[in-house]
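Observations on chain architecture
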Number of protein chains: 2
Amino acid sequence: MTSRKTRPTHAPRSPAPWPGAEAGRFERPSLTVDVVLISTAHGALRTWLVRRSEPPHADRWALPGGFIQPGEPLEAAAARVLTSKAGLTGLFLEQLYTFGAPDRDPRARVISIAYYALCDFARFSVRAGAVPETTAARIEVPWEGETGGPVELTSDGGARFSLAFDHADMVGLAVKRLRGKLDYAPIGFQLLPESFTLLELQQVHETILGRPVNKDSFRRRMLASGQLEATGVWQADVEHRPALRYRFSRRSAT
Amino acid sequence: MTSRKTRPTHAPRSPAPWPGAEAGRFERPSLTVDVVLISTAHGALRTWLVRRSEPPHADRWALPGGFIQPGEPLEAAAARVLTSKAGLTGLFLEQLYTFGAPDRDPRARVISIAYYALCDFARFSVRAGAVPETTAARIEVPWEGETGGPVELTSDGGARFSLAFDHADMVGLAVKRLRGKLDYAPIGFQLLPESFTLLELQQVHETILGRPVNKDSFRRRMLASGQLEATGVWQADVEHRPALRYRFSRRSAT
DNA sequence: TGAATAGTGTCTATAAGACAATATCCC
DNA sequence: GGGATATTGTCTTATAGACACTATTCA
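Numbering of residues starts from 1 in every chain and runs along the sequence as written. As a convention, the first chain written is A and the first ligand written is 1, with the rest following in written order. Note on the predicted model: pLDDT of at least 70 is required for a residue's local features to be given, and 80 or more for side-chain atom pairs to be given and counted; whole-chain, interface and lining totals, by contrast, use all residues. Excluding hydrogens and water, the side-chain values take into account all heavy atoms of the structure.

1. As for the overall build of chain A
Counting secondary structure elements, chain A contains five helices and 12 strands. Here chain A, with 254 residues, has 51% of them falling under the buried criterion. Contacts between residues were defined by any pair of non-hydrogen atoms, one from each residue, lying within 4.5 Å. The contacts in chain A between residues at least 6 apart in sequence include a share of 58% that link residues at least 24 apart. We get accessible surface area from the Shrake-Rupley algorithm with a probe of 1.4 Å; when it comes to residues, only the shown protein chains can shield them. As presented, chain A carries roughly 11900 Å² of accessible surface, and 51% of it is formed by carbon and sulfur atoms. Only DSSP runs of H or I covering at least 4 residues are called helices, and only runs of E covering at least 2 are called strands; the numbering of each starts at the N terminus. Each residue's exposure class comes from its accessible area (1.4 Å probe, protein chains only) as a fraction of the maximum for that residue type: buried when under 20%, exposed when over 50%, partly exposed otherwise.

2. As for the sheet that holds strand E11 (residues 228-234) of chain A
Residue and element names in this part refer to chain A. Here we have three strands laid out as an open sheet, ordered E10-E12-E11, and antiparallel in their pairing. Looking along the sheet, the strands with just one partner apiece sit at the ends: strand E10 (195-197) and E11. Taking each pair of neighbouring strands and ignoring which way they run, the sheet shows an average axis angle of 45°. In this structure, E10 lies alongside strand E12 (residues 244-248), joined through three bridges in antiparallel fashion. Note on E12: the bridge partner recorded for threonine 197 is arginine 245. All axes are obtained by fitting lines to C-alpha atoms, using only the stretch in contact for helices, and the reported angles, taken between N-to-C directions, cover 0 to 180 degrees. Across the face of the sheet, helix H4 (residues 198-209) comes into contact with E10, E11 and E12 while running at roughly 85° to E10. Here, strands pair whenever DSSP counts at least two bridges between them.

3. Points about the packing of helix H4 (residues 198-209) of chain B against helix H5 (residues 215-224) of chain B
For any two helices packed against each other, the geometry is given by the interaxial angle and the distance between the axes. Residue and element names in this part refer to chain B. Interhelical geometry of H4 versus H5 gives an angle of 105° and a closest axis separation of 11 Å. Classed by the angle they form, the pair H4 and H5 counts as roughly perpendicular. Together, Leu198, Leu201, Gln202 and His205 of H4 and Lys215, Phe218, Arg219, Met222 and Leu223 of H5 make up the contact between the two elements. Note that Gly is not counted as nonpolar here; it falls among the polar residues with everything else outside the nonpolar set of Ala, Val, Leu, Ile, Met, Phe, Trp, Tyr, Cys and Pro and the charged set of Asp, Glu, Lys and Arg. Residue composition of the contact of H4 with H5, by class: five nonpolar, two polar and two charged. The scheme is simple: roughly parallel for angles under 35 degrees, roughly antiparallel for over 145, roughly perpendicular for 65 to 115, oblique for anything else.

4. Focus: the protein's contact with DNA strand D
We define proximity as follows: a residue is near a molecule or strand when any one of its heavy atoms falls within 4 Å of that partner. Lining the immediate surroundings of DNA strand D are 21 residues, of which Asp216, Ser217, Arg220 and Arg241 of chain A together with Arg241 of chain B lie closest. Each polar contact in these results corresponds to two N or O atoms within 3.5 Å; when the atoms are within protein, one needs to be able to donate a hydrogen and the other to accept it, and residues that are neighboring in sequence are counted only if both atoms are side-chain atoms. Between DNA strand D and aspartate 216 of chain A, the relevant distance is 2.4 Å, taken from a base nitrogen to a side-chain nitrogen or oxygen of the residue. At 3.0 Å, a backbone N or O of leucine 244 of chain B approaches a phosphate oxygen of DNA strand D. For the surface near DNA strand D, the secondary-structure elements that each account for two or more residues are helix H5 (215-225) of chain A together with H5 of chain B. When its residues are assigned to classes, the surface near DNA strand D shows six nonpolar, four polar and 11 charged.

5. What about H4 of chain B?
All names here are of chain B. Take the number of residues in a helix, subtract one, and multiply by 1.5 Å to get its expected span. The first and last C-alpha atoms of H4 sit 16 Å apart over 12 residues, in line with the 16 Å expected at 1.5 Å per residue. What H4 keeps buried is the set Leu198, Leu201, Gln202, Val204, His205, Thr207, Ile208 and Leu209. Phi turns positive one or two residues past the end of H4, at glycine 210, with a value near 75°.

6. Remarks on the protein's contact with DNA strand C
In the vicinity of DNA strand C lie 20 residues, with Asp216, Ser217, Arg220, Arg221 and Arg241 of chain B positioned nearest. Among all atoms of DNA strand C positioned within 4 Å of the protein, those belonging to sugar or phosphate total 64%. The separation between a base nitrogen of DNA strand C and a polar side-chain atom of arginine 241 of chain A is 3.0 Å. Within the side chain of asparagine 214 of chain B, a nitrogen or oxygen atom sits 3.0 Å from a phosphate oxygen of DNA strand C. At the level of elements, H5 of chain A together with H5 of chain B are the ones that each hand at least two residues to the surface near DNA strand C. Each residue belonging to the surface near DNA strand C can be placed in one class, and the counts come to six nonpolar, four polar and 10 charged.

7. Quick notes on the pattern of salt bridges
Between Lys or Arg on one side and Asp or Glu on the other, a salt bridge is scored when a side-chain nitrogen of the former is within 4 Å of a carboxyl oxygen of the latter. Taken as a whole, this structure holds 22 salt bridges over all chains when the rule is applied. Ionic pairing is found between arginine 107 of chain B and aspartate 105 of chain B, a salt bridge with its closest N-O pair at 2.5 Å. Between glutamate 200 of chain B and arginine 245 of chain B there is a salt bridge, with the nearest N and O atoms lying 3.8 Å from each other. Taken together, the residues span a long stretch of sequence, with glutamate 200 of chain B in helix H4 and arginine 245 of chain B in strand E12 (residues 244-248) at a distance of 45 residues. With relative accessibility at 24%, the residue glutamate 200 of chain B sits in the partly exposed group. Linked by salt bridges that have partners in common, Glu94, Arg177 and Lys181 of chain A make up one network.

8. Describing the pairing of strand E7 (residues 134-140) of chain A
One face of the sheet, then the other: side chains in a regular strand alternate in exactly this way. Residues and elements named next belong to chain A. Across five bridges, strand E2 (residues 44-51) lies against E7 in antiparallel orientation. Across the sheet, residue arginine 46 finds its bridge partner in E7, namely arginine 138. Examined bridge by bridge, E7 and strand E8 (residues 152-154) share three bridges and lie antiparallel to one another. Of the residues in E8, the one forming a bridge with arginine 138 is threonine 154.

9. Section: the packing of aromatic side chains
Here a Phe, Tyr or Trp ring, Trp counted by its six-membered ring, pairs with any other such ring whose centre lies within 6.5 Å, and the pair is stacked when the planes are under 30 degrees apart, edge-to-face when over 60, and tilted otherwise. Taken as a whole, this structure holds 12 aromatic pairs over all chains when the rule is applied. When the ring of tyrosine 97 of chain B is compared with that of phenylalanine 99 of chain B, the centres are 5.3 Å apart and the planes differ by 70°; the resulting orientation is edge-to-face. Members of the aromatic cluster, joined through ring pairs, are Phe189, Phe196 and Phe248 of chain A.

10. Section: the pairing of strand E1 (residues 30-41) of chain B
Residues and elements named next belong to chain B. The element E1 is extensively covered by neighbouring structure, given that 11 of its 12 residues are classed as buried. Relative to strand E6 (residues 110-118), E1 runs parallel, the two being bridged by nine bridges. Note on E6: the bridge partner recorded for valine 33 is isoleucine 113. Note: E1 against strand E4 (residues 65-67), three bridges, orientation antiparallel. By the bridge assignment, valine 33 is partnered in E4 with glycine 66. One ladder, built from four bridges, connects E1 with strand E2 (residues 44-51); its direction is antiparallel. When the sheet's bridge partners are listed, serine 39 is paired in E2 with arginine 46. A loop of two residues connects E1 with E2, the two strands running antiparallel in sequence, and histidine 42 in this loop sits at a positive phi of about 50°.

Shown next, in the form of structure tokens:
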């Protein structure tokens, strides 16, 4: 019913003939969301892929996605996709970029608003093992720093996945965004369980950045940042001196 | 005609039935681009506003924008808007964020992909004075650093503009993005003419950041960055020792 | 006891901020 | 010369990287 009287008489204006005046006559692109769901495992970034069952690109792997429903906020659509395709809720979720190349979908004009989500590896791997027609592909980043560009998705065996549409670009952009935000936003914690050791946190940073980081200064920076809170609990089941576990502390008064 | 058969049969998805097969039955929102065109003048950030002539929000000020045309790439739509509404071409242009709150337009679901563009103050003020029903509003940022949030738009007299739709949020987000990118991306140059002095560059940075920056270290950093190339030409028409003019040098091999 | 990592303290190199001194232009 | 800003150089301070050393756990 909302759409019934849809007649976007969007302002006309003189020098520039605003093409909205007759919006009803315009082709309206379809709108989707795609979600780059990221986690880590065995020292590599992983992303959640779904096997397509229908054309176009039937049988190829793709990011979880779906059409935006009437009246549905964009981020809600992304959250819905995460729930329906991965069974995950409450994750860190942020808008990434909107992809709209005219030929990105061979059927019709489809514009996709890409989001990325972060999940701790424990929840991620449990779910990944539970949902059929799904895989947790390893992200191989062929560039350093924040150069950007597409990435390769592989299985643990090394087989390469060829993603549908422009989804490899979406994953690449998500990695670039992660690398850029890591220094000033608390995103490393989103990839870890509730409590973790400083070494685990460092390894997450190294995985995201794709390079080793200096242990000493990393510890100093993190402890000085005020974002960490000691749990008082020590690591167990390791054959060396156990490390103190920390948790992320929201009240970071920069 | 597209909207005629609007029947939000939203997707069914079991394991992963891509809802595209029936895309034709979905309500398709209208898609627009809005452009935050930014420049500087008299030590303040400015943005280009257009007076709306039709409802909704008739007579209020808004960002230049327009509907995306069939087959038109998103960035091309933003560039077209800049040409048609401001007569400016060849500017730095980058996607900012996609706004899609269900009620952001009272008429119908309209999703807008916001871009921001940067223009040097000379071109900007010439054009601003030449296009009717347009103003170069002063951006007042009520927050520090990259806190983010809406901003206030005022005239030089101090009168406050109340922007249509969620356009004030778009401007605020553009400022936040600018502040965030300033340190590692060559965007300060985009707000300056071909050649400029170090003090002018510093003032642009101060205007973007909304705070003074240390002169000594700013000079050192800029000269050491390899992004600047001396023109050999000295500033003229100043009643003090003239400064050397520089130009932006693309070949910055970090 | 030995292997392995946790955690602490110290030294050095680098970059930012502060400040002083000199240079150059126009009035 | 006086006023104003440019440009250079030095000193201080904060932070990152490197390294040495001690601590603690389990096999």
